[in-house]
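Architecture at a glance
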Amino acid sequence: MPALIRRPFVFLRHGQSTRNLERRIGGQHDVALTPQGEEEARRARALLGDIDWSLVAASPLQRAYRTAELALGRAPDRVVDGLMERHWGELEGQAIPETIPYMSTPAGGESWEAFVERIADTLNALLEEADTPLIVGHSGLVRAVRWLAHGTPAGPRSANAIPLWIAPEGRHAWSIIPFDTTLARANGSVGC
């Protein structure tokens, strides 16, 4: 199983997308933000917009890229294919089931193991390059981090356009908590 470099980062899930509104699996389908999603991204700017980020990396899918633009008032520094959501194969566009089959490989889709490895490799490359980057992407990233830290993807879905502080805690654990610039400054990790 891959491991994450033990450095903190801030994660911002995209604002509400058209698939979120429809309660359908978006996966790698390139769908837009809704007007509500655009407003959610603009609200995130109050927390994120004045920070001098060492690096802002975003998924190339328009719902993430546009969220980054609205939350920062500028384009992200880099678009990173490895940050795309999991490819759900034939499940993309289908209604979100009550129990999501994270551990199974959907027909025509990406296996859980391949997805987690892609996310870990991508995050590690970004963490090696920059101190406390801002990563703008999809809810699957948090599930992959939970799997790497705790051996399970279970937990609450990350909210749309609410920044999260994801940081190593102790020798093996990771904390995933709402981002607060006071917390970041106290850790000396983010220039505000």
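Predicted, not measured: the structure shown is a model, and the values here were computed from it. (Residues numbered from 1 in each chain as written. Predicted model: local features only at pLDDT ≥ 70, side-chain atom pairs only at ≥ 80, totals over all residues. Heavy atoms only, no water.)

Topic: the overall build of the protein
- Helix and strand counts for the protein stand at six helices and six strands.
- Taken from N to C terminus, the helices and strands of the protein fall in the order β-α-α-β-α-β-α-β-α-β-β-α.
- For 192 residues, the compact-globule estimate of 2.2 N^0.38 gives 16 Å, and the protein sits close to it at 16 Å.
- Oriented by its inertia axes, the alpha-carbon framework of the protein measures out at about 45 × 40 × 25 Å.
- Taking all 192 residues of the protein together, the buried fraction comes to 52%.
- Of the contacts made within the protein by residues no fewer than 6 positions apart, 67% connect residues no fewer than 24 positions apart.
- Carbon and sulfur atoms provide 49% of the accessible area of the protein, an area that totals close to 8700 Å².
- A distance of 4 Å separates the average location of the 20 positive side-chain charges in the protein from that of its 23 negative side-chain charges. (Helix = DSSP H or I, 4+ residues; strand = E, 2+ residues; numbered from the N terminus. Rg over C-alpha atoms; globule rule 2.2 N^0.38 Å. Buried < 20%, exposed > 50% of the residue type's maximum accessible area, 1.4 Å probe, protein only. Contact = heavy atoms within 4.5 Å. Areas by Shrake-Rupley, 256 points an atom, 1.4 Å probe, with all protein chains shown as cover. Lys, Arg positive; Asp, Glu negative; His and termini not counted. Charge placed at Lys NZ, Arg CZ, Asp CG, Glu CD.)

Description of helix α2 (residues 35-48)
- Here α2 contains 14 residues, and its C-alpha end-to-end distance of 20 Å stays within 8% of the 20 Å for a straight helix at 1.5 Å per residue.
- Listed as buried for α2 are G37, E40, A41, A44 and L48. Looking straight down α2, one finds its buried side chains confined to an arc of 100°; they lie on one side. Those residues of α2 that are exposed and aimed more than 90 degrees away from the buried face are P35, R43 and A46.
- In this structure, the buried side of α2 is in contact with β1 (9-13), α3 (62-72) and β4 (134-137). (Expected span 1.5 Å × (residues − 1). Arc of directions from axis to C-beta.)

Quick look at the pattern of salt bridges
- Overall, the coordinates contain eight salt bridges when judged by the stated rule.
- A salt bridge links E39 to R42, with the nearest nitrogen and oxygen atoms 3.8 Å apart. Within this pair, E39 and its partner R42 are both found in helix α2, separated by three residues, close to a single helical turn.
- Beyond isolated ion pairs, a larger network of salt bridges with shared partners links E38, E39 and R42. (Salt bridge = Lys/Arg side-chain N within 4 Å of Asp/Glu carboxyl O.)

Some remarks on the packing of helix α4 (residues 112-129) against helix α5 (residues 139-150)
- Packing of α4 against α5 brings their axes to within 10 Å, and their N-to-C directions diverge by 95°. As far as their axial angle goes, α5 and α4 are roughly perpendicular. On α5, the residues that touch W112, F115, V116, I119, A120 and L123 of α4 are G140, L141, R143, A144, V145, W147 and L148. (Axes fitted to C-alpha atoms, helices over the stretch in contact; angles between N-to-C directions. Parallel < 35°, antiparallel > 145°, perpendicular 65-115°, else oblique.)

A closer look at the pairing of strand β6 (residues 173-178)
- By the bridge criterion, six bridges tie strand β5 (residues 164-169) to β6 in an arrangement that is antiparallel. When the sheet's bridge partners are listed, I166 is paired in β6 with I176.
- Here β5 hands over to β6 after three residues, with G170 in that stretch at a positive phi of 70°. (Pairing = 2+ DSSP bridges.)

A closer look at the packing of aromatic side chains
- Taken as a whole and judged by the stated rule, the model has six aromatic pairs.
- A ring pair is formed by W88 and Y102, whose centres lie 6.3 Å apart and whose planes are at 65°; its orientation type is edge-to-face. Of the two residues, W88 sits in the loop between β3 (78-79) and α4 while Y102 sits in the loop between β3 and α4, which places them 14 residues apart along the sequence. Comparing W88 with Y102, the two get one shared label, buried.
- Centroid distance W112 to F115: 5.8 Å. Interplanar angle 50°. Geometry classified as tilted. Of this pair, W112 and F115 both sit in helix α4, three residues apart, which is roughly one turn of that helix. Take W112 and F115: they sit in the same class, and that class is buried.
- Every member of this aromatic cluster is reached through a ring pair, and the members are W88, Y102, W112, F115 and W147.
- Here the guanidinium or amino end of R86 rests over the ring plane of W88, the centre of that ring lying 4.3 Å away. (Phe/Tyr/Trp six-rings, centres within 6.5 Å; stacked < 30°, edge-to-face > 60°. Lys NZ or Arg CZ within 6 Å of the ring centre and 35° of its normal.)

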